[in-house]
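Structural overview
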Amino acid sequence: MPLFIEKSKLKLIAVMAVATVILGTAVFFVYGPGKKQIKDVKTGGLIYPELNAADVTTVKIKKGDTAVTLKLVLGKWAMETLNNYPIDEDKIKGFLEKTKAMKKEDVRGTNPDKFAKFEVDNKGLFVELLDSSAATLAYFHIGKNAENYQSTYVRLYEGAEVIVTGENMRTACSDDSNFWIDRSALGIEQQKIKELAIN
């Protein structure tokens, strides 16, 4: 009888060990390296209180099949998805400042069926900020403007809350390459440029 009990215990331990490994692997693939689980953000508080704009070296922006990657190259911001073409430094700095300043002003809901209404679903604008070690510093959806058009709906990575932030993130970020490029690098007066196409 004691031998049977010992074998049963060993079998149980083995099953629990396998289950732990499977669970750990699942968490890794869901959150990935550098993906932090969502922390509760208090109303009125900063969404990313620990974010330091100086630590950001890569910004990935995606909407549907369109993707733009901005990267810090030798101390200058460039568009990796456009052969490291220079981008407007003021625009990227302004965007990072707004991201740092985002506060949780209010919550409009937590129903996933309503995400599309606020444009914070997977078809909307999706932004990821990374540091030099490729660790994720911020990861969120930018939705449409809220009622006063100076605030925006946002949703954190894997988050359930549709958050209203007082920052106008829609005017600070875009998946359009033309929004980011540094037109002064072309040597043409900016007011004379109506449209730009780079192949």
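Provided above is the structure to which this section pertains.
One structure accompanies this document, and this report is about it. (Residues numbered from 1 in each chain as written. Predicted model: local features only at pLDDT ≥ 70, side-chain atom pairs only at ≥ 80, totals over all residues. Heavy atoms only, no water.)

1. Examining the pairing of strand β2 (residues 66-73)
Spelled out, the test is: For two strands to count as paired, DSSP must find a minimum of two bridges between them. Only runs of H or I of at least four residues qualify as helices and only runs of E of at least two qualify as strands under DSSP, and these elements are numbered from the N terminus.
Two strands pair when backbone bridges link them, and strand β1 (residues 58-63) and β2 are joined in this way by 6 bridges, in the antiparallel orientation. Bridged to V59 within β2 is L70. The loop that links β1 with its antiparallel partner β2 comprises 2 residues; one of these, G64, has a positive phi angle of about 65°. As judged from the 4 bridges shared by β2 and strand β3 (residues 76-79), these two strands associate in the antiparallel manner. The partner of V73 across the bridge, within β3, is K76. Where β2 folds back on β3, the antiparallel hairpin that results is connected by 2 residues, among which L74 adopts a positive phi of roughly 50°.

2. Structural notes on the packing of aromatic side chains
Where we set the bar: Centres within 6.5 Å are what make two rings of Phe, Tyr or Trp a pair, Trp counting through its six-membered ring; a difference in plane orientation under 30 degrees is then read as stacked, over 60 as edge-to-face, and the rest as tilted. Summary of the burial criterion: residues with accessible area below 20% of their type's maximum are buried, those above 50% are exposed, and those between are partly exposed, where the area comes from a 1.4 Å probe applied to protein chains only.
With the rule as written, the count across this model stands at 6 aromatic pairs. Both rings, one in F118 and one in Y153, keep their centres 4.7 Å apart while their planes meet at 65°; by these two values the pair is edge-to-face. Linking F118 in helix α3 (residues 115-118) with Y153 in strand β8 (residues 152-156), this pair joins segments that are 35 residues apart in sequence. For the residue pair F118 and Y153, the accessibility class agrees, reading buried in each case. Considering the side-chain rings of F179 and W180, the 4.9 Å spacing of their centres and the 85° angle between planes classify their relative orientation as edge-to-face. Residue W180 is classed as buried on the basis of its relative accessible area, which comes to 0%.

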